[in-house]
Amino acid sequence: MPFETATAVSCANIALIKYWGNRDEKLRLPVNGSISMNLDGLVARTQVTFSQGFDHDSLILNTQAVSGEPLKRVTRFLNLVRDLAGFKQYANIISENNFPTDAGIASSAAAFAALSLAATRAIGLDLSEKQLSLLARRGSGSACRSIPGGFVEWKAGLDESDSYAFSFAPPDYWDLVDCIAVVEANPKLIGSTEGHRLANTSPLQVARIQDTTRRLDLCRHAILSRDFDALATIIELDSNLMHSVMMTSTPPLFYWAPATVELMKAVPLLRKEGLPVCYTVDAGPNVHVLCTSDAADLVIKRLNNFPKVNQVLYAKPGAPTRLV
Ligand code: PMV
């Protein structure tokens, strides 16, 4: 095969109903289904080149050469792509995120979704959206949700070939925006791969999983009927449930900073004042504050009034992963 290059762009996504815990770690089969919104403009842009001239895989992330476990993880992922294609060439990857990496803004989701499309195209494969989602899941579970666009559901599925994500409403279905209050932009200490391993050590995880179908139904219905109050109630509960599991694992995981709690207390008060606004927090200290677009200017202004908020990122519902 000649020297082949492809470049893909993928949005990060914010989980509204969270994935936490795997029933099969190697295959990244989740213990529960999840729902997310792609984040327009918060993207990973990834170029992949396969060549007979390379004697190992290499990765440059945000202009820095990457080695050690992060590179091994990418090589393991590329091995899946090489197996699918029946080729044995190594790859050079150049990837850039336009948002803080590893700070609970789903950088691995955007990265592995973009890598799935760029690598398969560069190696000569043309996969369907479902096949790409199944593949992206193997890199980082939540990456499977960045493949389709808009509002997305990842079903836990019965087996390896049945656990993928699909869009249930396009990006323009509801003019929600995610205003991300960045209180810390440093990489988190415990990555989600390690966090998922601890989920079962929490006595609360069983209850969280048992109740997931109900939360998924309520969240999907709230989005499809554009019912902001219903969305606010269910996503704040879901976020608090996941963090309760994290904090009661052995060892416990505390992803919140003092400013995270401050914002989690302030947002429902803003809602009481009449602003359509609610929060959700991933595996990091930054707070995703969702609102309808008509309220966004005011919400961003109010968030910027918090001394510990360094920056507010802004994202509308985003498009599917695409080639550029
Ligand atoms: O895909 P991972 O392994 O980075 O896990 C994502 C975990 C959360 O972001 C906390 C929740 C989610 O569903 O995205």
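A brief report on the enclosed structure follows. (Residues numbered from 1 in each chain as written. Predicted model: local features only at pLDDT ≥ 70, side-chain atom pairs only at ≥ 80, totals over all residues. Heavy atoms only, no water.)

**Side note on the packing of aromatic side chains**
Part 1 of the reasoning: For the coordinates displayed, the defined rule picks out four aromatic pairs.
Part 2 of the reasoning: Ring centres of Tyr-19 and Trp-154 lie 4.7 Å apart, and the angle between their planes is 65 degrees; on these two criteria the pair is classed as edge-to-face. Pair noted here: Tyr-19 is in the loop between strand S1 (4-17) and strand S2 (22-24) and Trp-154 is in strand S8 (residues 151-154), with a separation of 135 residues, a long-range link.
Part 3 of the reasoning: Arranged with centres 5.4 Å apart and planes meeting at 70 degrees, the rings of Phe-77 and Phe-112 form a pair that is edge-to-face. Of this pair, Phe-77 sits in helix H1 (residues 68-85) while Phe-112 sits in helix H2 (residues 107-122), and the two are 35 residues apart along the sequence.
Part 4 of the reasoning: On the basis of relative accessibility, which here comes to 2%, the residue Phe-77 falls in the buried class. (Phe/Tyr/Trp six-rings, centres within 6.5 Å; stacked < 30°, edge-to-face > 60°. Helix = DSSP H or I, 4+ residues; strand = E, 2+ residues; numbered from the N terminus. Buried < 20%, exposed > 50% of the residue type's maximum accessible area, 1.4 Å probe, protein only.)

**Quick notes on the nonpolar core**
Part 1 of the reasoning: Formed by 32 residues in total, the largest nonpolar core has its most connected members in Leu-16, Leu-42, Cys-219 and Ile-223.
Part 2 of the reasoning: Sorting the residues of this core by element identifies S1, strand S4 (34-51), strand S9 (165-169), strand S10 (176-182), helix H6 (212-224), helix H7 (228-247) and strand S13 (311-315) as the ones contributing at least two each.
Part 3 of the reasoning: Built from parts of two domains, this core gets at least three residues from each of domain 1 (5-172) and domain 2 (175-315).
Part 4 of the reasoning: Here Leu-16 is in contact with Ile-35, Ser-36, Met-37, Cys-219, Ile-223, Ile-235, Asp-238 and Leu-290, once residues within four sequence places are set aside.
Part 5 of the reasoning: Counting 29 residues, the second-largest nonpolar core is a separate cluster that includes Ala-118, Ala-119, Leu-132 and Leu-135. (Core = buried A, V, L, I, M, F, W, Y, C linked by side-chain atoms within 4.5 Å. Domains from an automatic or database assignment. Contact = heavy atoms within 4.5 Å.)

**Observations concerning the sheet that holds S10**
Part 1 of the reasoning: A sheet is described by the order of its strands in space; here four strands give the open sequence S11-S12-S10-S13, paired in antiparallel fashion. The open sheet terminates on both sides in strands that have one partner only, identified here as strand S11 (277-280) and S13. Each strand axis lies, on average, 25 degrees off the axis of its neighbour in the sheet, ignoring direction.
Part 2 of the reasoning: In this sheet, S13 lies alongside S10 in antiparallel orientation, the contact comprising five bridges. Looking across to S13, one finds that Val-182 is bridged to Gln-311. (Pairing = 2+ DSSP bridges. Axes fitted to C-alpha atoms, helices over the stretch in contact; angles between N-to-C directions.)

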